[in-house]
Amino acid sequence: MTAKSIVAIAKDGSVDVMVKQVFDLLGGAENIIKKGGTVVLKPNAGHHGKPGTSVNTSAKLVGAVARAVRAAGAGKVIVAESAAIGCDTVDCLKDAGIYGEAAAAGVDEIIDIKASKDLITVPIRDARSELTSVKLPRFLIEADHIINMPIFKSHASMVFSCALKNIKGVVQDKVHYEMHKTNLAMAMMDIWSVVRADLNIADLIWPAEGFGPHSAVPMDFGCVLASRDPAALDAVACRCVGLDMGKVSYFENARERGIGATELADIEVVGKRIDEVYQKMWLPYLDGFGAWPEYDILTENSCSSCQSLVAFTMEKLKALGEYDKNSDAVIVLGAKSEVPDVPRERLILVGNCLKRHRGKGVAVNGCPPSEPHVAWAVIDREDQMEIQDYLRDRMAEEEGPWNAYIDAIVAEKNKTRRKNL
Ligand code: SF4
């Protein structure tokens, strides 16, 4: 009989207490961490977001895990990340507070994987995506332990992001691009086949609901989940937040690639029970781009950065009262050899990978473009290049309607939550 995957759930107490609990529930940090070994902590710090925004993994959680592994005998502790395309990793780590917390916790090195020069080409055996090999930094391959530290958040291109998806952040931009040109979910599993984190510790302290990662709404959930099995961790996390796993296609990819268990019959939950911590989260990306049927949105070959931006834009158009009146727009993102033959003012070309088609439509510059530009391209039907200083007033003016729009949705959700208590 195959052993069940164990998923530990801790709730309540300080972050350090919850980290100790999940380690203890999995056998004790001193039994998991090799004495004198090198431990790499891989948080999710892929976007700009201050502490408290839930865009990135809690800095306090990163600090607590760094202290716990050090106390368990780790010789060297590294924090490493490769932020999303177009984002500077070090800036993201600093913005999230992770840089400061890690330094205060005595982390030996904080590494921007994008800047790593010492790379090893690792073949992917039996690849299911078009990735046949991947360049990975030597320090990651030679580490004794990799601890994957995602935050659970609503995500435009993948419905949600947690342990399975966070491994995408161990590759440099070139591989990121390649992953987006093939079956992204399968490419993620192919990366898992060569970078097996031996532990996953997920931030469900203040996970993010809403239109993440651009407009994440922190939710008071108060949990830390941990498991050696990333698929089991994600499967349990989904059940904790009321997400129908059947709507997330990449569990099927994880099963096919043998990454881990997803059925409760194959998982042992220790610590708190799922029903003890259950709270339904607002995860609006369940319908994908079908959520905006009034618009033609062509996403083939696009990266999650541009997908998230366009998904966020659709809601922003609603918040600004511009959604219905602009539904003649055809929004295109991701590299394409052909674009639809429609009048120039109807065609919105999002991002630099469509540069070759500029002139046939309204161009939105950037890789990915700046946040307000897609909405402005749709509203104004004019090319959007750089954010000029005088445009900052417009950005500030749009904040009010957007915040009111999100507050109204959250208030409505909270009413339903209270009814269901
Ligand atoms: S512009 Fe193209 S390559 Fe750049 S993030 Fe967007 S989809 Fe990806």
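Note that the structure is a prediction, hence the values are computed from the model and not measured. (Residues numbered from 1 in each chain as written. Predicted model: local features only at pLDDT ≥ 70, side-chain atom pairs only at ≥ 80, totals over all residues.)

A. Representation of the site of the ligand. Close to the ligand lie 14 residues; Cys 303, Cys 306, Gly 351, Cys 353 and Cys 367 are nearest. In terms of domain composition, the shell around the ligand takes at least three residues from each of domain 1 (5-277) and domain 2 (292-401). (Near = placed C-beta within 6 Å. Domains from an automatic or database assignment.)

B. Main features of the domain arrangement of the chain. The domain architecture assigned to the chain consists of domain 1 (5-277) and domain 2 (292-401). Computed from C-alpha atoms alone, the centre-to-centre distance between domain 1 and domain 2 is 31 Å. Listed as interface residues are 13 residues of domain 1 and, on the opposing side, 14 residues of domain 2. Taken together, the residues of the side of domain 1 that touches domain 2 sort by class into six nonpolar, six polar and one charged. (Contact = placed C-beta atoms within 7 Å. Nonpolar A, V, L, I, M, F, W, Y, C, P; charged D, E, K, R; others polar.)

C. View of the sheet that holds strand 17 (residues 362-364). Across the sheet, four strands lie side by side as 14-15-16-17; this open sheet has parallel pairing. For this open sheet the edge positions go to strand 14 (296-298) and strand 17, each flanked by a neighbour on one side alone. Pairs of neighbouring strands in the sheet enclose a mean axial angle of 15°, with direction left out of account. Bridge analysis of strand 15 (residues 330-333) against strand 16 (residues 347-350) gives four bridges, and the strand direction is parallel. (Pairing = 2+ DSSP bridges. Helix = DSSP H or I, 4+ residues; strand = E, 2+ residues; numbered from the N terminus. Axes fitted to C-alpha atoms, helices over the stretch in contact; angles between N-to-C directions.)

D. Examining the packing of helix 13 (residues 304-319) against helix 14 (residues 373-380) more closely. The contact between helix 13 and helix 14 brings their axes to 8 Å, and the two run at 50°. Looking at the two axes, helix 13 sits oblique to helix 14. Here helix 13 and helix 14 pass one another in a crossing that is right-handed. Between helix 13, through Leu 309, Val 310, Thr 313, Lys 316 and Leu 317, and helix 14, the contact on the second element is made entirely by Val 374, Ala 375 and Val 378. (Parallel < 35°, antiparallel > 145°, perpendicular 65-115°, else oblique. Left-handed = near helix turned anticlockwise from the far one by under 90°.)

E. Expanded view of the packing of helix 1 (residues 15-25) against helix 3 (residues 59-71). Helix 3 packs onto helix 1 with a crossing angle of 50° between their chain directions and a minimal axis gap of 9 Å. It follows that helix 1 is oblique to helix 3 by the angle criterion. Taken as a pair, helix 1 and helix 3 cross one another with a handedness that is right-handed. Residue-level inspection shows Val 15, Asp 16, Val 19, Lys 20 and Phe 23 of helix 1 in contact with helix 3, the latter providing Lys 60, Leu 61, Ala 64, Val 65, Arg 67 and Ala 68. For the contact of helix 1 with helix 3, the residue count by class is seven nonpolar, no polar and four charged.

F. Representation of helix 3 in the model. Between its first and last C-alpha atoms helix 3 spans 18 Å; for 13 residues at 1.5 Å apiece the expected length is 18 Å, and the two agree. Among the residues trailing helix 3, Gly 73 stands out with phi positive, at a value near 115°. (Expected span 1.5 Å × (residues − 1).)

G. Spotlight on the pairing of strand 3 (residues 76-81). Counting buried positions along strand 3 gives five out of six residues, so the element sits mostly inside the fold. The pairing of strand 2 (residues 38-43) with strand 3 spans four bridges and is parallel. From the neighbouring strand, Val 40 faces strand 3, where its bridge partner is Ile 78. After leaving strand 2, the chain enters helix 3 and then returns to the sheet as strand 3, a path that is right-handed. For strand 3 and strand 4 (residues 109-112), the ladder comprises four bridges, and the chain directions are parallel. The partner of Val 79 across the bridge, within strand 4, is Ile 110. (Buried ≥ 20, exposed ≤ 12 C-beta atoms within 10 Å, placed from the backbone. Right-handed = clockwise from strand over helix to strand, strands pointing away.)

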